[in-house]
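Coordinates in review
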Amino acid sequence: MPTTAPSFEPAPLTQETAFAAPAPGLAVSQESSARRFLQERGGGGLLDRGFGLAMALCACSVFVIAVLILGVLLVRSAPAWHAFGLRFFVGMRWNPVQGRFGALPFLFGTLLTSALALTIAVPLALGVAVFLTEMCPARLRAPLSFLTELLAAIPSVVYGLWAIAVLVPLVRDWIGPPLEKTLGWTGLFRGPNFGVGLLTAGLVLAIMVLPVISSIARDVMRAVPDAQREAVLALGATRWEMVRMGVLRNARAGIAGAVILGLGRALGETMAVTMVIGNHPAISRSLLAPSYTLASVIANEFTEATGDLYVSALVEIGLALFLLTIAVNAIARLLVWGVSRNAAAGARA
C-alpha cells in the first residue's frame, strides 16, 4: 500500500511565542558591549554640566548684548537729553550750525513712509499667502514660496540702486503726474515732483516688507486646523467664504503680528530709503516732497558730526529708534505666539 509522507504543520502563533525573548547568547553579547562602552567612556556628569553651562551662556549673551547697546545709547545721549528734554522730539528745526536740534521731521518721515509701505504691502502679502496656502497647485507651491522668500534676502543697497534706476523715473514720469492731476485737490500730490520723496520711499519699503509679512502670514494660515475649513465648506460656503470665515478670521491675530513685524522692518530700514527719500528735514503734506527718516539722518550725518551735542543728538535719535523697534517687534511676537499656542491647544484637544 502506498504510504503518505507525514505532514508537519507550524505551531500556532500564541502570545508567548510572539513576544518570546531573544536568544540568551545574543542578549548577553548586546549587554556586554553596551556595558563595555559605558565603562570605557567613564562618567559623563562633568560633560553634561559643561554643556548646560555653555548653552546657558549662549542664551544669556543675547540679553547681555541688548543691555550693552541700550546702556551705550543712554550714556551717549545724556547731553542731548539734559539740553533739550522732551522738546527734542517735538522740535521742527534741525540746524547743527546753530546748535538747534529737533527730531520731529525725522519722526514724521519714518512713520509716514512706514504707513505707506504697509498700505501697499499688506493686501499684496495677504494675497500671496492665501494663494500659496489655499489655491496654489502643489508643483508651483515650493518655487513660488522660494521666490517670495528670496526677496527678503536681497541686500538693502541693491533695493536702493534698483529704486534709483526704476522707481524714481516711474514716479517722476508716470505715477506722479496722473496722481497730481486727479488727486491734487487733496494736497497729497502737489508741488515739484523730482521722483525722490515720500512716495518713492514708501514704494521701495513696500517691496522690502512684502516677503516678511507674506511668509509669516502663510505660516499662521497653515496653523489653522483643517477642521475649520471643512466645517465651513460643509455648510455650503464658497472658497472665498471659507478663506474669509474659516482661515482669515482664525488667523487674524497672527496676521496682525506679521503686519507689525513688517512695520518693524520698515521703521529700521536705512540704505534703500536714504537713497530715494530726498533727505530734507521738513514736514510737508505732499507725498511727492522729499523728507527724512530717523535711520537716514544717522547714516548721513554721524560721520560728519562735530561737537558733543551734535553727536549726542544723533545718538538720542538712535535710542528712540531702538526702543520703538523693540516695542513693535515685541507686540508682534506676542500676537504670533498667541496664535501658535491656540493652534497647539486645538491640536491636543
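Just above sits the structure.
Here's a quick rundown of the structure.

Calculation rules
Residues numbered from 1 in each chain as written. Predicted model: local features only at pLDDT ≥ 70, side-chain atom pairs only at ≥ 80, totals over all residues. Heavy atoms only, no water. Helix = DSSP H or I, 4+ residues; strand = E, 2+ residues; numbered from the N terminus. Buried < 20%, exposed > 50% of the residue type's maximum accessible area, 1.4 Å probe, protein only. Contact = heavy atoms within 4.5 Å. Phe/Tyr/Trp six-rings, centres within 6.5 Å; stacked < 30°, edge-to-face > 60°. Axes fitted to C-alpha atoms, helices over the stretch in contact; angles between N-to-C directions. Parallel < 35°, antiparallel > 145°, perpendicular 65-115°, else oblique. Left-handed = near helix turned anticlockwise from the far one by under 90°. Nonpolar A, V, L, I, M, F, W, Y, C, P; charged D, E, K, R; others polar.

1. Side note on the side chain of S296
Looking at the secondary structure, you find S296 in helix α13 (residues 294-301). On the accessibility criterion, S296 (0% relative accessible area) is buried. Once residues lying within four places of it in the same chain are set aside, the contact partners of S296 are T270, V273, T274 and N279.

2. Focus on the packing of aromatic side chains
Under the criterion given, the structure shown has eight aromatic pairs. Considering the side-chain rings of W94 and F101, the 5.0 Å spacing of their centres and the 75 degrees angle between planes classify their relative orientation as edge-to-face. Judged by its relative accessible area of 7%, F101 falls in the buried class. A centroid spacing of 5.3 Å and a plane angle of 80 degrees characterise the contact between F106 and Y292, whose relative ring orientation is edge-to-face. Placement of the pair is F106 in helix α5 (residues 104-135) and Y292 in the loop between α12 (271-276) and α13, with a sequence separation of 186 residues. On the accessibility criterion, F106 (0% relative accessible area) is buried. Connected via pairs of aromatic rings, a cluster forms that spans F84, F88, F89, W94, F101, F106, Y292 and Y310.

3. A few points about unusual backbone geometry
Although it is not a glycine, N279 adopts a positive phi angle of roughly 55 degrees. Residue placement: N279 occurs in the loop between α12 and α13. Classification of N279 by relative accessible area gives partly exposed; the value is 26%.

4. What about the packing of α5 against helix α8 (residues 198-222)?
In contact at an axis separation of 5 Å, α5 and α8 are set at 40 degrees when each is read in the N-to-C sense. Overall, the two elements α5 and α8 adopt an arrangement that is oblique. Two packed elements cross with a definite hand, and for α5 against α8 that hand is right-handed. Here the contact of α5 with α8 is built from residues that sort into 26 nonpolar, six polar and two charged.

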